[in-house]
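Here's the letter readout for the chains.
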Amino acid sequence: MKLSDQEDWLAELRLADGQTVCFRHVRPDDETLISAAIRTASRETLLHRFFSPIRTVSPDLLRRLLVIDRVKEACIVGLMADNGNMRIICGARYVRLPKPAAAEIAFTVHDDFQRRGLGTFLLKLLLQLARQDGIRWFEADVMVSNVGMLRLLRRSAPPPARKHCDGDVYHLEMDLDSWRGAGQGTNSRPVVA
Ligand SMILES: CC(C)(COP(=O)(O)OP(=O)(O)OC[C@H]1O[C@@H](n2cnc3c(N)ncnc32)[C@H](O)[C@@H]1OP(=O)(O)O)[C@@H](O)C(=O)NCCC(=O)NCCS
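Residues numbered from 1 in each chain as written. Predicted model: local features only at pLDDT ≥ 70, side-chain atom pairs only at ≥ 80, totals over all residues.

(A) Molecular detail of the overall build of the protein. From N to C terminus, the protein includes five helices and eight strands. Sequence-ordered secondary structure for the protein, helices as α and strands as β, is β-β-α-α-α-β-β-β-α-β-α-β-β. Its C-alpha atoms give the protein a radius of gyration of 16 Å, within 12% of the compact-globule value 16 Å for 193 residues. Expressed along its principal axes, the backbone C-alpha trace of the protein runs to roughly 45 × 35 × 35 Å. Expressed as a percentage of the 193 residues in the protein, the buried residues total 31%. Restricting the contact set of the protein to residue pairs at least 6 apart, pairs at least 24 apart contribute 61%. (Helix = DSSP H or I, 4+ residues; strand = E, 2+ residues; numbered from the N terminus. Rg over C-alpha atoms; globule rule 2.2 N^0.38 Å. Buried ≥ 20, exposed ≤ 12 C-beta atoms within 10 Å, placed from the backbone. Contact = placed C-beta atoms within 7 Å.)

(B) Quick look at the sheet that holds strand β4 (residues 85–96). One open sheet holds the eight strands; their spatial order is β1-β2-β3-β4-β5-β6-β8-β7, and the pairing between them is mixed. Either end of the sheet is taken by a strand with one partner, and the two such strands are β1 (11–14) and β7 (162–166). Adjacent strand axes in the sheet meet at a mean angle of 25° when their direction is disregarded. Relative to strand β6 (residues 137–143), strand β5 (residues 102–109) runs parallel, the two being bridged by three bridges. Looking at the pairing, A103 lines up with F138 of β6. (Pairing = 2+ DSSP bridges. Axes fitted to C-alpha atoms, helices over the stretch in contact; angles between N-to-C directions.)

(C) Structural view of the site of the ligand. By nearness alone, 23 residues border the ligand, and H48, Q114, G119, T120 and G148 come closest of all. In terms of residues, the shell around the ligand owes the most to one element, helix α5 (residues 147–156), which gives six residues. (Near = placed C-beta within 6 Å.)

The structure is reproduced here in structure tokens:
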């Protein structure tokens, strides 16, 4: 199966090994692909993403992941053709918080594709979308043990304007206005929606 030209792609990224990842908004009919991605992810990845090493995907969680209210949230998924099948290999979302122009962000890159730049790319895509949607602050809860996410943010985001630690979780607040230049310079087609 090839990635269809008919899709409403936001961007694409060629990985170092030549494979192409295409990005679009998540859709309710992604249920099978999202469930497969969660089912095959490692315990650590699920723990860092959901703060609990879930194994089964409850109907409620699936609904929250798939049914997106674009007034309040956005969720981008990255797809790849893999041995004749389509696969969702990564995703990122923001959900508006009950305060002005602020949203909480979360990312997942499947274990098979971590440390290839996808998390960094998703952060830039999410940033572009969020700016278009009038968001000025990103907030993130990141486990203290989550070296990968903390490094990603340290490398690709400005120093957090506010940061505190609550037990084993850091809460970070990032000012998007101090992040000029980010979201550009990716080897992607630009975000169009
Ligand atoms: C955290 C996560 C999103 C990072 O995505 P990724 O695609 O692997 O990140 P990138 O390849 O863009 O790497 C960004 C930087 O972090 C570093 N990094 C990533 N994972 C790392 C790890 N496990 N240990 C050390 N460094 C790591 C990379 O080397 C890179 O740094 P560099 O530019 O100095 O080389 C991904 O590992 C993931 O989905 N983890 C599980 C879920 C999760 O933690 N979500 C975040 C909740 S908010």
